[in-house]
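Overview (structure and organization)
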Amino acid sequence: MELGYTGDNSEMSIIKFAVMKLMKKDMPNTDFFYEIRPDCDDIPKTRFKPKAGKTLSERKWRSAFSEEGYLDIGKVLSRIQRGGVHPSIRGEVWEFLLGCFDPKSSFAERISLRTHRREQYAKLKADCQAMDSSVGSGVILTTPRINQDGSLIHNSEHPEGGIDRESSTVNLNQTEVESLGQVVRNHNMDRNGDDCKMEIASSMPMDKEIVQWMIILHQIGLDVVRTDRTLKFYENSSNLAKLWDILAVYAWMDKDIGYCQGMSDLCSPMVVLLENEADAFWCFERLMRRMRGNFRCTDTSVGVQKQLQNLASITQVLDPKLHRHLEALGGGSYIFAFRMLMVLFRREFSFGDALFLWEMMWALEYDPEIIASYQETSSSALNKNGKEKRREKSKHQWGKFERNNITNGLQGFPETPVAVFLVASILKTNSSILLQEAQGIDDVVKILNDLTGKLDAKKACSGALKLHKKYLRKAKKKVH
């Protein structure tokens, strides 16, 4: 029955939760679940502590499901917005918050969908393994192995059977050749017969998408080995390899975005929370549906620039004096907030507090219609009349942030997410310091960096929600 609720649970999480029950007392903080290496004593301390009656507990989580497995998402959102999620169930709750599963699905439907997704991930990973045997091997590439023109770099390291250094071609066994042949054919390079198999090794680098993917593999590796290195979890090299594999497969699946620095920070918590690699992949993929616009770059702009512009507009309305001051310092583009938005405050909070912040943010902006649109089955789709009827009866199934948008006629996945208002809240809270002490952009950056470990996730979210309401009221008056 446990699988019916959410899928596979981490055995370690179950053990730790049982130990906590025996102790009959709350944990002091989430470091019990996310252990820090003993030599890392200079990192921010975790403030989040599960609180009875506020934090979503395992008991409350299980009781929110009907006998068939339908989830009362309203009850869950209310708890999360008040006190976050207990670490022992965080992974499975996140699968619902991020839209891996529709609350209106049954136990049986979720089991079937999970099985399908795991098979889908296995296929994607097999395609990647056919192109580069490092994927799934436990090896993390950190040096470039291929040039922009598709030619291989002779001195690059690679698992045995990966590179034939004498011939400068990919050295594949028969199984890999046949598998890669299918990948190449999927890229409109359809060939037939034995000639196809013989030409694959030399023709593969000519496909620009494959070459581009292979070029970024070592860039992913360089970031992975630096990601969350304070966690004991990543002392296990297989966990690092799992993170690298997921990012490598995602880069191949989402060729428009590929991989950008910062994505490892977003993916790492999924690997920590979800033991099954495929489940972690799809949870990350759902997060990227929200975040991928920030990573979309052109020759003239960076994707996150739109959110920075919105941040400037919000600050100009809610704290015009601070906005003018920042403009005078040359910070009118708000580029100093770039990192906060790109990696969702991973640098400003401890690992445990960042996870607490994320789940509160996702609960606040939860929209069941968007979640339903994520599902692969047509049964999740609703016509316009169905949407209106459900909204009238079940407003509690929307997060508070999204309910504010509905009330003000702005319903839909927020163009300006709660993260932007959270940054605006941080700026407003520290407005007096910025006005008095910031004499240049470097000072602004320093003041914000000094906040690391000092911010309270719950207060930051409350402040963001208040600013959101205030901004909507002022924006509405301006329109009328």
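Predicted, not measured: the structure shown is a model, and the values here were computed from it.

Regarding the overall build of the protein chain
Looking only at helices and strands, the protein chain features 23 helices and 2 strands. Expressed as a percentage of its 480 residues, the buried residues of the protein chain come to 54%. For the protein chain, long-range pairs separated by at least 24 residues make up 73% of all intrachain contacts whose partners lie at least 6 apart in sequence.

Here's the deal with unusual backbone geometry
Of note, the phi angle at Leu-344 is positive, near 50°, even though the residue is not glycine. Structurally, the position occupied by Leu-344 is in the loop between helix H15 (338–342) and helix H16 (351–364). The phi dihedral of Phe-345 falls on the positive side, at around 65°, and the residue is not glycine. Summarising the element assignment, Phe-345 is placed in the loop between H15 and H16. Classification of Phe-345 by relative accessible area gives buried; the value is 0%.

Re the packing of helix H6 (residues 107–131) against helix H10 (residues 237–253)
Relative orientation of the contacting elements H6 and H10 amounts to 90°, with a least axis distance of 10 Å. The orientation of H6 relative to H10 falls into the category roughly perpendicular. Two secondary-structure elements touch here, H6 through Tyr-121, Leu-124, Lys-125, Asp-127, Cys-128 and Met-131 and H10 through Asp-245, Ile-246, Ala-248, Val-249, Trp-252 and Met-253. Across the contact of H6 with H10, the residue classes tally to 9 nonpolar, no polar and 3 charged.

Observations regarding the packing of aromatic side chains
This model, assessed by the stated rule, comprises 20 aromatic pairs. Arranged with centres 6.0 Å apart and planes meeting at 35°, the rings of Trp-94 and Trp-358 form a pair that is tilted. With Trp-94 in helix H5 (residues 90–97) and Trp-358 in helix H16, this residue pair connects regions lying 264 residues apart in the sequence. The same class applies to Trp-94 as to Trp-358, namely buried. What links up through ring pairs into an aromatic cluster is the set Trp-61, Phe-65, Phe-96, Phe-101 and Phe-107. The ring of Tyr-374 is capped by Arg-289, whose NZ or CZ atom sits 4.8 Å from the centre of that ring.

Focus on H6
Under the 1.5 Å per step criterion, the end-to-end length of H6 is 37 Å for 25 residues, consistent within 8% with the ideal 36 Å. Listed in full, the buried residues belonging to H6 are Phe-107, Arg-110, Leu-113, Arg-114, Arg-117, Tyr-121, Leu-124, Lys-125, Asp-127, Cys-128, Ala-130 and Met-131.

Topic: the nonpolar core
Counting residues in hydrophobic clusters, the biggest one holds 129 residues, and the most contacted among them are Trp-213, Met-263, Met-270, Phe-284 and Phe-345. Looking at this core element by element, the count peaks at 11 residues for H16.

Thoughts on the state of the cysteines
Counted according to the given criterion, the structure contains 0 disulfides. A disulfide-free cysteine, Cys-297 has its sulfur positioned 5.3 Å from the sulfur of Cys-260, the nearest such atom.

Description of the confidence of the model for the protein chain
Taken residue by residue, the protein chain gives an average pLDDT of 82. The fraction at 70 or more is 77%. Here residues 156–206 is a poorly scored stretch, pLDDT under 50, and it has 75 contacts once near neighbours within four places are set aside; other chains count. Note on residues 377–393: pLDDT is under 50 here. Beyond four places in sequence and across chains, it has 14 contacts.

So, the packing of helix H4 (residues 73–83) against H16
Two elements in contact, H4 and H16, have axes whose closest approach is 8 Å; the angle formed by their N-to-C orientations is 135°. With respect to H16, the element H4 is oriented oblique. For H4 against H16, the interelement crossing comes out left-handed. From H4, Leu-77, Ile-80, Gln-81 and Gly-83 reach across to H16, where they touch Phe-356, Glu-359, Met-360, Ala-363 and Leu-364.

Some details on the pattern of salt bridges
For the coordinates displayed, the defined rule picks out 23 salt bridges. For Arg-292, the salt bridge goes to Asp-256, with nearest N and O atoms at 3.9 Å. Here Arg-292, found in helix H12 (residues 277–295), pairs with Asp-256, found in the loop between H10 and helix H11 (263–273); they are 36 residues apart in sequence, far enough to count as distant. For Asp-256, a relative accessible area of 51% gives the class exposed. Here Lys-446 ties to Asp-450 by a salt bridge, and the two come within 3.0 Å at their closest N and O atoms. Residue Lys-446 is classed as exposed on the basis of its relative accessible area, which comes to 51%. Because the salt bridges share partners, they merge into one network encompassing Glu-95, Arg-114, Arg-118 and Asp-279.

Digging into the side chain of Ser-350
Of note, Ser-350 is situated in the loop between H15 and H16. Side chain to side chain, Ser-350 and Thr-46 meet in a polar contact 3.1 Å long. Once you skip the residues sitting within four places of it in the chain, Ser-350 turns out to touch Pro-44, Lys-45 and Thr-46.

Considerations on the environment of Gly-84
With respect to the helices and strands, the residue Gly-84 is situated in the loop between H4 and H5. Setting aside anything within four residues of it in sequence, one finds Gly-84 in contact with Thr-55, Leu-56, Arg-79, Phe-356, Glu-359 and Met-360.

Describing the environment of Leu-472
Along the polypeptide, Leu-472 turns up in helix H23 (residues 457–479). Assessed through its relative accessible area of 7%, Leu-472 is described here as buried.

Here we look at the environment of Leu-434
When you line up the elements, Leu-434 lands in helix H21 (residues 431–437). You can call Leu-434 buried: its relative accessible area is 0%. Residues Leu-434 and Val-444, 10 residues apart in the sequence, show an inter-C-alpha distance of 6.6 Å. Once residues lying within four places of it in the same chain are set aside, the contact partners of Leu-434 are Leu-322, His-325, Leu-427, Val-444 and Ile-447.

Some points on a nonpolar patch on the surface
Together, Val-302, Ile-335 and Phe-338 give the surface a local cluster of nonpolar side chains, amounting to about 230 Å² of exposed area. Structurally, Phe-338 can be placed in helix H15.

Criteria and cut-off values
- Residues numbered from 1 in each chain as written.
- Predicted model: local features only at pLDDT ≥ 70, side-chain atom pairs only at ≥ 80, totals over all residues.
- Heavy atoms only, no water.
- Helix = DSSP H or I, 4+ residues; strand = E, 2+ residues; numbered from the N terminus.
- Buried < 20%, exposed > 50% of the residue type's maximum accessible area, 1.4 Å probe, protein only.
- Contact = heavy atoms within 4.5 Å.
- Axes fitted to C-alpha atoms, helices over the stretch in contact; angles between N-to-C directions.
- Parallel < 35°, antiparallel > 145°, perpendicular 65-115°, else oblique.
- Nonpolar A, V, L, I, M, F, W, Y, C, P; charged D, E, K, R; others polar.
- Phe/Tyr/Trp six-rings, centres within 6.5 Å; stacked < 30°, edge-to-face > 60°.
- Lys NZ or Arg CZ within 6 Å of the ring centre and 35° of its normal.
- Expected span 1.5 Å × (residues − 1).
- Core = buried A, V, L, I, M, F, W, Y, C linked by side-chain atoms within 4.5 Å.
- Disulfide = S-S within 2.5 Å.
- pLDDT = per-residue confidence, 0-100.
- Left-handed = near helix turned anticlockwise from the far one by under 90°.
- Salt bridge = Lys/Arg side-chain N within 4 Å of Asp/Glu carboxyl O.
- Polar contact = N/O pair within 3.5 Å; in protein donor to acceptor, adjacent residues only side chain to side chain.
- Patch = residues over 30% accessible without salt bridge, like charges linked within 9 Å, V, L, I, M, F, W, Y side chains within 5 Å.
- Areas by Shrake-Rupley, 256 points an atom, 1.4 Å probe, with all protein chains shown as cover.

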